[in-house]
Amino acid sequence: MAAAAAAAAAASRTLLCSHQKLIISSIYSTTTSKITHTFLHRIKNSAFFSSISCVHQLQYDPQTQTHCRHPNVVDILERRGLLESITSDNLRSLASSNEKTLKVYCGFDPTAESLHLGNLLGIIVLSWFLRCGHQAVALIGGATARVGDPSGKSIERPELDIDTLEKNILGISKTFSTIFGSSNVVILNNYDWWKDFSFLDFLKQVGRFARIGTMIAKESVKKRLESEQGLSFTEFSYQLLQGYDFLYLFQNKGVNVQIGGSDQWGNITAGTELIRKILQPDSDNEAYGLTFPLLLKSDGSKFGKSEDGAIWLSPSMLSPYKFYQYFFSVPDADVIRFLRILTFLDLEEIDELEKDMKRPGYVPNTAQRRLAEEVTCFVHGEDGLNEAVKATEALRPGAETELDWKTIEAIAEDVPSCSLAYDQVLNVSLVDLSVSAGLFESKSAARRLLKQGGVYLNNNRVDSESKRIEPQDIVDDKVLLLSAGKKNKVVVRIA
């Protein structure tokens, strides 16, 4: 029964994560930090990519390029709690028009080698625009990261050297490749247009249209001016840099919507104002801004931090297992809201999960498990989700999941580990090994818990004090997993 259930769950995850292979046309120039990726695709109707419920509306068919009535992405975002503000109600009307396709962008400054959970909201909102038949651009701030956005910061960001920037840009590009692997998303680097833009040209073409009073009135600027640290001219100018990015994309790439977190409202409106003053577009060709709420817990604290730091999206900085566990441990008070915000599940299904949580017989963490599966699959793909689920099973004593070396290694950084020579392990009693590996402080403690049925070798309960390590106990001839109860574990690597 357990094996059948596991197979069914794996099949379900495969269906959830199924999507087309990525075809990438990558253009690399000798210019520092220039990385431009164009993502091409062949989208087929799959449960993963077309899970929107739109009453009385036809969806845009990306396979036939037939323009049906667009699902209104602004309404969808609002219903799911992903809408904070829009610069004009005209955007809502355009969102459902079958005559105009919106082209939306979101910026991501490469201040670290990986994006983090706070950036995930921007990616999700971009994805909703895609699902509703619009076009999307992900902009990497190879230029603006050299300045640093003061929004939400109490002190100036540290300056990044060129090598670090290039490394960060490459890492973020890989994350986009994984997440946007089955969609038309253009990835640009704003260093491409800033590298040849002189300071005098900037003052002439942009600076003369900016008004100091308006710039100082921005909330992010006011807070910093009132602080002890103050605000440097470099940071003060950031809003104009981001504003010009929007103007450039509007004029040269046909981008007419910028999205960002609520703390980006000032920077976004700086862009719409520059476009209005410099380009003076007609009323049928306006530029729009849309912001979404910051990701907060029900107690008002920021969601996306753990005891170990940020929740990174790159598997090289945070394993899919740890990523999965973070969402699995979300409190009941937050899980339904996060299902609406962070997944693409139908709202009706989420409402049903919410009702189930209040019914007798509800299995604890069912909603959390669904949240963890959906978000992990979206960020890390099917392989990442399977790795996370398998590692979760590996940490559960008595689980029937067959362990392999890779699965145990995936959890090794999360539990104590040691390295022992082969002859220090083979034919050694489990009691002695448990002490030498650090699982128990004494042999008597090991024997006591063993008699109580609380000692496990590779998730299999050991009942005999005379148990010795045999060759077949060493997983893939490389590793052992010792457990004392449900929580205390040690990974023993065979040196």
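Residues numbered from 1 in each chain as written. Predicted model: local features only at pLDDT ≥ 70, side-chain atom pairs only at ≥ 80, totals over all residues. Heavy atoms only, no water.

1. Structural notes on a nonpolar patch on the surface
Selection criterion: A residue counts toward a patch only above 30% relative accessible area and without a salt bridge, and it is joined to like-charged neighbours within 9 Å or, for Val, Leu, Ile, Met, Phe, Trp and Tyr, to nonpolar neighbours within 5 Å. Each accessible area value is a Shrake-Rupley result obtained with a 1.4 Å probe; residue values ignore everything except the protein chains displayed when judging cover. One side-chain nitrogen of Lys or Arg within 4 Å of one carboxyl oxygen of Asp or Glu is enough to make a salt bridge. Helix and strand assignments come from DSSP, with helices taken as H or I runs of at least 4 residues and strands as E runs of at least 2, each series counted from the N terminus.
Judged by side-chain polarity, Phe199, Leu200, Leu203 and Phe233 come together as a nonpolar surface patch covering roughly 470 Å² of accessible area. Broken down by element, the residue count for the nonpolar patch peaks at 3 residues, all from helix H7 (residues 199-205).

2. Some thoughts on the side chain of Asn256
Quick reminder of the rule: Only heavy atoms enter the contact rule, under which two residues are in contact if any of them lie within 4.5 Å.
Tracing the sequence through the fold places Asn256 in the loop between helix H11 (238-252) and strand E7 (257-261). Asn256 has contacts with Lys100, Leu102, Lys103, Phe246, Phe250, Glu286, Ala287 and Tyr288, leaving out every residue within four places of it along the chain.

3. Structural notes on helix H16 (residues 366-394)
Given 3.6 residues per helical turn, the α-helix brings residues three or four places apart onto the same face. Under the convention used in this document: The span you would expect from a helix comes to 1.5 Å times its residue count less one. At any given residue, the bend is defined as the angle formed between two axes, one fitted to the seven residues that end at that position and one fitted to the seven that begin there.
Across its 29 residues, H16 extends only 19 Å between first and last C-alpha, which sits more than 12% below the 42 Å expected from 1.5 Å per residue. The largest bend in H16 is about 125 degrees, located at His380.

4. Overview of the confidence of the model for the chain
Selection criterion: Across the chain, each position has a pLDDT score giving the predictor's confidence in that residue, from 0 to 100.
Summing up the model confidence of the chain, the mean pLDDT is 81 and the portion of residues at 70 or higher is 82%. Counting contacts from residues 11-16, a segment whose pLDDT is below 50, to residues more than four positions away or on other chains yields 11 contacts. Low pLDDT, under 50, characterises residues 18-67; the predicted model gives this stretch 123 contacts beyond four residues in sequence or across chains.

5. Considerations on the pattern of salt bridges
Opposite charge on two side chains allows them to pair when their charged atoms are near. Just so we agree on the cut-off: The classification of residues rests on relative accessible area computed with a 1.4 Å probe and restricted to protein chains. Under 20% of the type maximum is buried, over 50% is exposed, and intermediate values are partly exposed.
Following the criterion strictly, the structure yields 19 salt bridges and no others. One salt bridge in this structure joins Arg359 and Asp356, with 2.4 Å as the shortest N-O distance. Asp356 gets classed as partly exposed once you look at its relative accessible area, which sits at 27%. Through salt bridges with shared partners, a single ionic network connects Asp75, Glu78 and Arg92.

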